[in-house]
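Listed below are the residues making up each chain.
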Amino acid sequence: MVSKVILTVGLAACTFFASAQTKKEKQKKKNNTEAAATMPMSALDSASYSFGLKIASGLKSDGVKSLNYALISEAMDDVFSDKTLKMTDEQAGTVINNFLKQISESKYAAVKDSGAAFLEANKKNPKVVTLPSGLQYEVITMGTGPKPKATDEVTVNYKGSLINGKQFDSSYDRNEPLTLPLDNVIPGWTEGVQLMPVGSKFRFYIPYQLGYGERGAGQDIPPYSTLIFEIELMKIGK
């Protein structure tokens, strides 16, 4: 009984001191933050810090976790001091694009792989036609009207979803068909809708290369997403 009491008191004391230490650390951090916020800086210093903050925030949102800060500083000094640069602006752009692409591929590898596996399995469906581009489609209803050209404007009803069934858009839900130029949409639409006579309804399975690619679209369509669209071609022209 006595040992239980001692243990309980000891645990309570440890908890108290740990809590007190945590509060001290939080207060210290808060004080440091407040001190930094109130520390006077010149206009140049404020702008310099702000540029760094904005650049780092943008890179972090793109998935960059760390960089060689010394080389960042060196590159900026080289540019502002008109020194000989280690690479051209075009080379720098290519390096950045490749670097960010590697980060994105790693982050969304599961999305990319699941889409490829889905399309591979979907080829075995006897109703599905697979085109050389990788676009797949199946006919739900075959119309009898003319087929559009890539330069035509078309009016369609449609709904789009991911391969997990999550719907991200639907003109049916809005009760409002969409009119658009066929050469100003994702490549999977441009290629696929040209196969449809007016009055048709097709289901398209669009690999990420013919969809929104490596960047995705907004919050609902991640990068490297395979897309499923049901499209009903209502008319050609305005």
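Higher on the page you've got the structure.
Residues numbered from 1 in each chain as written. Predicted model: local features only at pLDDT ≥ 70, side-chain atom pairs only at ≥ 80, totals over all residues. Heavy atoms only, no water.

Engineer: So what's going on with the packing of aromatic side chains? Residues and values would help.
Structural biologist: Under the defined criterion, the tally for this structure stands at nine aromatic pairs. With a centroid separation of 5.8 Å and 40° between ring planes, the pair formed by F202 and F204 is classed as tilted. Here the aromatic rings of Y208 and Y224 are separated by 5.0 Å at their centres, their planes lie at 65°, and the arrangement is edge-to-face. You can see Y208 sitting in the loop between strand 6 (201-206) and strand 7 (227-236) and its partner Y224 sitting in the loop between strand 6 and strand 7, a full 16 residues away along the chain. According to the relative accessible area criterion, Y224 is buried, its value standing at 1%. Taken together, the aromatic side chains of Y158, F168, W189 and F229 make up a single cluster linked through ring pairs. (Phe/Tyr/Trp six-rings, centres within 6.5 Å; stacked < 30°, edge-to-face > 60°. Helix = DSSP H or I, 4+ residues; strand = E, 2+ residues; numbered from the N terminus. Buried < 20%, exposed > 50% of the residue type's maximum accessible area, 1.4 Å probe, protein only.)

Engineer: Describe in detail a nonpolar patch on the surface, supporting the description with residues and values.
Structural biologist: Taken together, the side chains of L67, Y69, I72, M76, F80 and F99 define a hydrophobic patch exposed on the protein surface, amounting to about 630 Å² of accessible area. Sort the elements by how many residues they give to the nonpolar patch and helix 3 (residues 69-80) lands first, with four residues. Mapped onto the elements of the fold, Y69 is located in helix 3. (Patch = residues over 30% accessible without salt bridge, like charges linked within 9 Å, V, L, I, M, F, W, Y side chains within 5 Å. Areas by Shrake-Rupley, 256 points an atom, 1.4 Å probe, with all protein chains shown as cover. Salt bridge = Lys/Arg side-chain N within 4 Å of Asp/Glu carboxyl O.)

Engineer: So, helix 5 (residues 109-122): which residues are in play, and what are the values?
Structural biologist: The terminal C-alpha atoms of helix 5 lie 20 Å apart, and with 14 residues this matches the ideal 20 Å at 1.5 Å per residue to within 8%. Turning to helix 5, its buried residues are G115, L119 and N122. The buried residues of helix 5 occupy an angular sector of 65° when projected down its axis, which confines them to one face. Facing away from the buried surface of helix 5 by more than 90 degrees, the exposed residues are A110 and D113. Lining the buried residues of helix 5 we find strand 2 (136-141) and strand 6. (Expected span 1.5 Å × (residues − 1). Arc of directions from axis to C-beta. Contact = heavy atoms within 4.5 Å.)

Engineer: Outline the nonpolar core, supporting the account with residue identities and numerical values.
Structural biologist: Nonpolar side chains tend to gather and get buried jointly when the protein is soluble and globular. Membership of the largest hydrophobic core comes to 24 residues, with the highest contact counts inside it found for W189, F204, I206, L227, F229 and I231. Listed by contribution, the elements that provide at least two residues to this core are strand 3 (153-162), helix 7 (187-193), strand 6 and strand 7. Not counting chain neighbours up to four residues away, the residues in contact with F229 comprise Y158, K159, G160, F168, I186, W189, F202, R203, F204 and I206. (Core = buried A, V, L, I, M, F, W, Y, C linked by side-chain atoms within 4.5 Å.)

Engineer: So what's going on with the environment of D78? Which residues, and what values?
Structural biologist: Relative to the helices and strands, D78 is located in helix 3. According to the relative accessible area criterion, D78 is buried, its value standing at 9%. Residues within four places of D78 in sequence aside, it is in contact with K83, T84, L85 and K86.

Engineer: Account for the side chain of S161, naming residues and giving values.
Structural biologist: By the element assignment, S161 lies in strand 3. Each residue touching S161, except ones within four places of it in the same chain, is listed here: K166, Q167, F168, T226, L227 and I228.

Engineer: If you had to explain helix 2 (residues 43-61) to someone new, which residues and values would you point to?
Structural biologist: Its 19 residues give helix 2 an end-to-end C-alpha distance of 27 Å, which sits within 8% of 27 Å, the value for a rise of 1.5 Å per residue. Where helix 2 terminates, the next one or two residues include G63, which has phi positive at roughly 100°.

Engineer: I'd like a rundown of the layout of surface pockets, residues and numbers included.
Structural biologist: Its volume calculated, the largest pocket comes out at about 1,400 Å³. In terms of lining residues, the largest pocket is bounded by 31 residues, among which L67, L71, I72, A75 and I96 are the most central. Taken together, the elements giving at least two residues each to the lining of the largest pocket come down to helix 2, helix 3 and helix 4 (89-107). A per-element tally of the lining of the largest pocket places helix 3 first, with nine residues. Partitioning the lining of the largest pocket into residue classes produces 20 nonpolar, five polar and six charged. Taken as a whole, the second largest pocket holds about 450 Å³ of empty space. Lining of the second largest pocket is provided by 18 residues; of these, D62, S104, E214, R215 and P223 occupy positions nearest its centre. Here the lining of the second largest pocket takes five residues from helix 4, the largest share from any one element. Of the residues in the lining of the second largest pocket, the class split is six nonpolar, seven polar and five charged. (1 Å grid on protein atoms, 1.4 Å probe; cavity = no way out; pocket = protein on both sides within 12 Å on 5 of 7 lines; lining within 4 Å. Points joined across faces, edges and corners; volume = space filled by probe spheres on them. Nonpolar A, V, L, I, M, F, W, Y, C, P; charged D, E, K, R; others polar.)

Engineer: How would you sum up the pattern of salt bridges? Please name residues and give values.
Structural biologist: Between side chains of opposite charge, a pair can form when the charged atoms approach closely. By the definition in use, this model includes 10 salt bridges. Linking K86 and E74 is a salt bridge whose minimum nitrogen-to-oxygen distance equals 2.4 Å. Placement of the pair is K86 in the loop between helix 3 and helix 4 and E74 in helix 3, with a sequence separation of 12 residues. Looking at K86, the relative accessible area reads 65%, which means it is exposed. With a closest N to O distance of 3.7 Å, K112 and E105 form a salt bridge. Several salt bridges share partner residues, and in doing so they unite E138, K201, R203 and E230 into one network.

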